Each structure stands twice: as C-alpha cells, then as structure tokens.
Amino acid sequence: MRFDEGADLDTSQVDDQRGRGLGGRVAVGGGGVGLVGLLLYFLLSQLSGGPASPLPNGLPGLGAGQSADNTQISQSCQHGRDANTALDCEVVAVVNSLDDYWAGAFASSGRTYRKPRITFFNGGVNSACGSASSEAGPFYCPADRESYVDLRFFQELEQRFGAKGGPFARAYVIAHEYGHHVQNLLGTSRRVQAGDSGPTSGSVRLELQADCYAGVWAKNASTTPGSSGRPLIVDVTDADVSAALDTASRIGDDYIQTQLGGGQVNESEFTHGTSAQRQKWYLTGYQSGDLTSCDTFDTGDLG
C-alpha cells in the first residue's frame, strides 16, 4: 500500500496536541517508546470506544480554554508523498480516504455524513468522555465525535503485541475507530448497554461490526476517488491485507487474556470478540465490499 504522491492532503479536521506532551513527529518505521501499563489497560478495554481511563499524575491533557496547535502538521502534511514518509501524514491520508468513502456511502443511502475529528496526543488527553492516558490506545468518543490516538501506539503493536505492522495494518486500527463513528451516526451504538460483556454480548457485536466496516472500507479504498479525482490509496496487496488480519488477531479478547495477561480465557469478560472472530469479520467486509454484510446484531453465528 502507498499513497498517490501528488494528491493533496486535508488536515483541517486534525487537532494536534502532541506539542503539549512528550515528543514530536514520528517517522514511519521509527522506534517506539514504552507506554506504562498498556497491557493491563488492554485487558479492560481493548481499542474501545467506551469510557476512558483517568489521567495518571503528571500527564498533560488539553484543558478548558486551551487549543491545539495544527501549524506544524498543516505545513508538513500537504501531499501524498508526505504520507509515504511520515506517520502523522500517513494517518491524515487514511482519515481523508475514510471520509471520502463514508461520505459516498451515506449519500448513496440518502443520509448526510458528518466527519469526525481526530486528535493526535502524547502522554494524555482530555475528551468529552473523560481523560485518558496513552495506555488507552486509540479510542473514539461519541460525545464529541472525535477519535484520539497517540501515534506511538503503532510501535507498541509491533514491539509488545508482535504484530507485523505496516501502513495497511495501521489503517485498520483507524478504520475500526471510524466504524464506531458510523455506528454513532446511525444510532447503532445505542443498542449496547454500558458494561455489557460476554461472547454474544452487544459490546462484542458492536466491535465486530466496526471490524467489518473497516474491511469494507479497505476493499473500496483503492477505488474511492479523493479530492484530486483519483484514489488516494493505491497498490493494496495481499500482503497488506494479511498484515491487517494479523493485527486483528493480536487484539482479540482470548489472545490478550492468555498471551498478554498471562491468564486463562474467561468468555464472560469478552467485550471485543476472539482473534478468530475479529479476523473473520474484517475479512467478511473486505471480501464483500458491502456494508450489508456487516449486520452482526441479527446473526446467530458470530464465528
């Protein structure tokens, strides 16, 4: 996977709060840093759109009356060639592609799509859902329709979770959070009660549907035209899809409980689905390219 070198990037919906945290930009393939407590947090809320965790002492967030500084990212992330070399620009390009796809999908069904915002942060952040530290991983807050991501999480996926990584695998993570935004716009999120858990729970169904939505976008990404009239994402390969599926396998409830938490599988605590289920539903979306294949709420077979 790569990005159209000459395509224009739009950073207008990005809130860049990294200058308030612990570092600056991250190059694609650059080294990661340890995020204290990441594994423990993931036992409780893996890639969740649910409640955020409290900010640990000393981690900065964006307080009332403060604003992000988007000057650097708007100057650095202007074209597709920038997305091929810098991680923040890569995420901007993925966000642009996701918005292009979902705007068209909503329009085709007579609905109006509203773009979410995305916040880049280091260390900690405040959202309308509460404050969170980097241990939360990427998360979507339905209250402010914004996704939050510490870009160093992607190095953690490779270094601690053992994921293959790569741009398409990272795009899966962002596309999954966008899936939660779509569920919020459609009202699907309201079908799930807070604290719901278990192998067939509404929480699991919501997460697997978000995986399926990510797969549908992935299938259509290389044919969805951007602002230039050409697809922003090009050259998606079987290896890219394999890397995304590998990432899905590393964030299943069963994998995290046994491989990262050192415990036994406890299905009553499932909130996101097994590794096999997450792979199945991403692949369901990817193979069909059709949103109607993603109805995880009305099926008796989650895989």
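Overview of the structure. Source: prediction; values computed, not measured.

**Brief notes about the side chain of threonine 247**
- With respect to the helices, strands and loops of the structure, threonine 247 is situated in helix 8 (residues 238-250).
- Residue threonine 247 is classed as buried on the basis of its relative accessible area, which comes to 1%.
- Residue contacts for threonine 247: discarding those within four places in its chain leaves Leu157, Ala163, Ala169, Tyr172 and Val173.

**Details of the environment of leucine 9**
- For leucine 9, the location among the structural elements is in the loop between strand 1 (2-3) and strand 2 (14-16).
- Taking the relative accessible area as the measure of exposure, leucine 9 reaches 12% and is therefore buried.

**Some points on the sheet that holds strand 3 (residues 117-120)**
- Read across the sheet, four strands follow the order 2-3-7-6 without closing on themselves; strand pairing throughout is mixed. Unpaired on one side and paired on the other, strand 2 and strand 6 (139-141) mark the two borders of the sheet. Sheet twist, expressed as the mean angle between neighbouring strand axes with direction ignored, is 25°.
- Of the strand pairs in this sheet, strand 2 and strand 3 are connected by three bridges, and their pairing is parallel. Bridging across to strand 3, aspartate 16 finds its partner in phenylalanine 120.
- Helix 6 (residues 167-186) rests against strand 6 and strand 7 (146-149) of the sheet, and its axis sits at about 20° to strand 6.

**Here we look at the state of the cysteines**
- Counted according to the given criterion, the structure contains three disulfides.
- The disulfide partner of cysteine 129 is cysteine 141, and the S-S distance across this bridge is 2.1 Å. As the torsion about the S-S bond is roughly 95°, the cysteine 129-cysteine 141 disulfide counts as right-handed. Of this pair, cysteine 129 sits in the loop between strand 4 (124-127) and strand 5 (130-133) while cysteine 141 sits in strand 6, and the two are twelve residues apart along the sequence.
- With relative accessibility at 26%, the residue cysteine 129 sits in the partly exposed group.
- For cysteine 141, a relative accessible area of 0% translates into the label buried.
- Each disulfide pairs two cysteine sulfurs, and for cysteine 212 the partner residue is cysteine 294, the sulfurs being separated by 2.0 Å. Judged by the torsion about the S-S bond (-75°), the cysteine 212/cysteine 294 disulfide is left-handed. Separated by 82 residues along the polypeptide, cysteine 212 in helix 7 (residues 202-220) and cysteine 294 in the segment after helix 10 (275-288) bring together distant segments of the chain. Taken as a pair, cysteine 212 and cysteine 294 share a single burial class, namely buried.
- Regarding the disulfides, the protein chain carries the connectivity 1-2, 3-4, 5-6 under sequence-order numbering of its bonded cysteines.

**Some points on the pattern of salt bridges**
- Counted according to the given criterion, the structure contains 13 salt bridges.
- Across the pair aspartate 88 and arginine 18 runs a salt bridge, and its minimum N-O distance is 3.0 Å. Linking aspartate 88 in helix 4 (residues 87-108) with arginine 18 in the loop between strand 2 and helix 1 (38-44), this pair joins segments that are 70 residues apart in sequence. Of the two residues, aspartate 88 and arginine 18, neither departs from the other in class, the shared state being buried.
- When the shortest N-O distance is used, the salt bridge between aspartate 298 and arginine 191 registers 3.7 Å. Of this pair, aspartate 298 sits in the segment after helix 10 while arginine 191 is found in the loop between helix 6 and helix 7, placing the two residues 107 residues apart along the sequence.
- Linked through salt bridges whose partners overlap, the residues forming this network are Asp16, Arg18 and Asp88.

So, how was this worked out
Residues numbered from 1 in each chain as written. Predicted model: local features only at pLDDT ≥ 70, side-chain atom pairs only at ≥ 80, totals over all residues. Heavy atoms only, no water. Helix = DSSP H or I, 4+ residues; strand = E, 2+ residues; numbered from the N terminus. Buried < 20%, exposed > 50% of the residue type's maximum accessible area, 1.4 Å probe, protein only. Contact = heavy atoms within 4.5 Å. Pairing = 2+ DSSP bridges. Axes fitted to C-alpha atoms, helices over the stretch in contact; angles between N-to-C directions. Disulfide = S-S within 2.5 Å. Salt bridge = Lys/Arg side-chain N within 4 Å of Asp/Glu carboxyl O.

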